[in-house]
Amino acid sequence: KDRLNGGILYKHLRHGKKKRKRYGSKETRGQIKNRVSIDERPDIVDRKERIGDWEIDTVIGKNHQGVLVTMVERKTKFVVIGNAGRKKADTVKDVTVDIMLPYKKRVHSITGDNGKEFAGHEKISAELDCQFFFAHPYSSWERGLNENTNGLIRQYFPKGTDLRFVTKDDVCVVADKLNSRPRKTLGYKTPREAFMEILIRSD
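Below is a short write-up of the structure.

Reading the values: the criteria
Residues numbered from 1 in each chain as written. Predicted model: local features only at pLDDT ≥ 70, side-chain atom pairs only at ≥ 80, totals over all residues. Heavy atoms only, no water. Pairing = 2+ DSSP bridges. Helix = DSSP H or I, 4+ residues; strand = E, 2+ residues; numbered from the N terminus. Axes fitted to C-alpha atoms, helices over the stretch in contact; angles between N-to-C directions. Contact = heavy atoms within 4.5 Å. Expected span 1.5 Å × (residues − 1). Buried < 20%, exposed > 50% of the residue type's maximum accessible area, 1.4 Å probe, protein only. Arc of directions from axis to C-beta. 1 Å grid on protein atoms, 1.4 Å probe; cavity = no way out; pocket = protein on both sides within 12 Å on 5 of 7 lines; lining within 4 Å. Points joined across faces, edges and corners; volume = space filled by probe spheres on them. Nonpolar A, V, L, I, M, F, W, Y, C, P; charged D, E, K, R; others polar. Phe/Tyr/Trp six-rings, centres within 6.5 Å; stacked < 30°, edge-to-face > 60°. Lys, Arg positive; Asp, Glu negative; His and termini not counted. Salt bridge = Lys/Arg side-chain N within 4 Å of Asp/Glu carboxyl O. Polar contact = N/O pair within 3.5 Å; in protein donor to acceptor, adjacent residues only side chain to side chain.

1. What to know about the sheet that holds strand β3 (residues 79–83)
The pairing of strands in a sheet comes from backbone hydrogen bonds and takes either a parallel or an antiparallel form.
Next up, step 1: Spatially, the 5 strands line up as an open sheet ordered β3-β2-β1-β4-β5, and their pairing is mixed. Unpaired on one side and paired on the other, β3 and β5 (131–134) mark the two borders of the sheet. Neighbour to neighbour, the strand axes of the sheet diverge by 25 degrees on average, direction disregarded.
Next up, step 2: Here 3 bridges tie strand β1 (residues 53–60) to strand β4 (residues 109–112), and the two strands are oriented parallel to one another. What sits directly across from Asp-53, in β4, is Ser-109.
Next up, step 3: Relative to the sheet, helix α4 (residues 144–153) contacts β1, β2 (67–73) and β3, its axis offset from that of β1 by approximately 40 degrees.

Structure below.
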């Protein structure tokens, strides 16, 4: 009110003239084109009755140098990791397709956040023949498994790590360790055992 009435008190506020982002409000600037909301995701994904429904995210390196693409399968917690090098939509798309091609027949859906690095979601869907859904903004719990998995990956690549120097072999070793770790929620099977068991049974 003081500002609207010609006052100068607002200049002494801690945030000065900066407009703070209103979390929870609709963000209209730079939205991803043709994004499909998680609200339209089939119920079978929530029920975890099949393998092939994945969550995707990125892990960012020191000073935003280097980017890992992380994929985790919802039912079995099976993890796949790729090094994108940089947080560009085309690069992230290429790496995502590359690391998931061996599992293409087991990719029914992918759920990601609203990061601009996933602007190539339509190309990912086309090349992997799957559906791509976006969680609601500021709703990380809708991809809780991926968030938790990234926390485990951070045990090997702590914050402050320059991911530009992380090799393909490095990320494969980490994925192998995570996929070889018994999980209580899987009846103490490893993610690899759970994934392969269903894979063989369904084939």
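2. A short note on helix α5 (residues 168–179)
Next up, step 1: Look at α5: 16 Å from first C-alpha to last across 12 residues, which is about the 16 Å you get at 1.5 Å a residue.
Next up, step 2: Among all positions of α5, only Val-171, Val-174, Ala-175, Leu-178 and Asn-179 are buried. Buried positions in α5, seen along its axis, are confined to an arc of 130 degrees and lie on one side of it.
Next up, step 3: Along its buried surface, α5 packs onto β2, β3, α4 and α6 (191–202).

3. Section: the layout of surface pockets
Next up, step 1: In this model, the second largest pocket occupies a volume close to 300 Å³.
Next up, step 2: Around the second largest pocket, the lining comprises 18 residues; the ones closest to its centre are Val-80, Ile-81, Ile-99, Lys-168 and Cys-172.
Next up, step 3: Counting residues per element, the ones that place at least two in the lining of the second largest pocket are β3, α2 (89–100) and α5.
Next up, step 4: For the lining of the second largest pocket, the element with the highest residue contribution is α5, accounting for 6 residues.
Next up, step 5: Each residue belonging to the lining of the second largest pocket can be placed in one class, and the counts come to 11 nonpolar, 3 polar and 4 charged.

4. Side note on the packing of aromatic side chains
Next up, step 1: Here the structure, examined in full by the defined rule, presents 7 aromatic pairs.
Next up, step 2: On the numbers, 6.0 Å between centres and 85 degrees between planes, the contact of Tyr-103 with Phe-195 is edge-to-face. Here Tyr-103, found in the loop between α2 and β4, pairs with Phe-195, found in helix α6; they are 92 residues apart in sequence, far enough to count as distant.
Next up, step 3: The class for Tyr-103 is partly exposed, based on a relative accessible area of 23%.
Next up, step 4: Put simply, the rings of Trp-54, Phe-78, Tyr-103 and Phe-195 pair up and form one aromatic cluster.

5. Looking at the side chain of Glu-142
Next up, step 1: Within the fold, Glu-142 resides in the loop between β5 and α4.
Next up, step 2: An unpaired buried charge is present at Glu-142: no salt bridge exists, and Arg-143, the closest side chain of opposite charge, is 6.9 Å distant.
Next up, step 3: Reaching out from Glu-142, the side chain makes a polar contact with the side chain of His-136 at a distance of 2.7 Å.
Next up, step 4: In this structure Glu-142 touches Ile-38, Glu-55, Ala-135 and His-136, once residues within four positions along its chain are discounted.

6. Points about the side chain of Asp-162
Next up, step 1: Mapped onto the elements of the fold, Asp-162 is located in the loop between α4 and α5.
Next up, step 2: A polar contact is formed between the side chain of Asp-162 and the side chain of Arg-164, at a distance of 2.6 Å.
Next up, step 3: Excluding residues within four positions of it along the chain, Asp-162 makes contact with Lys-62 and Gln-65.

7. As for the environment of Asp-90
Next up, step 1: Assignment of secondary structure puts Asp-90 in helix α2.
Next up, step 2: Given a relative accessible area of 51%, Asp-90 falls into the exposed group.
Next up, step 3: Considered as a pair, Asp-90 and His-121 are 31 residues apart in the sequence and their alpha carbons are 9.7 Å apart.

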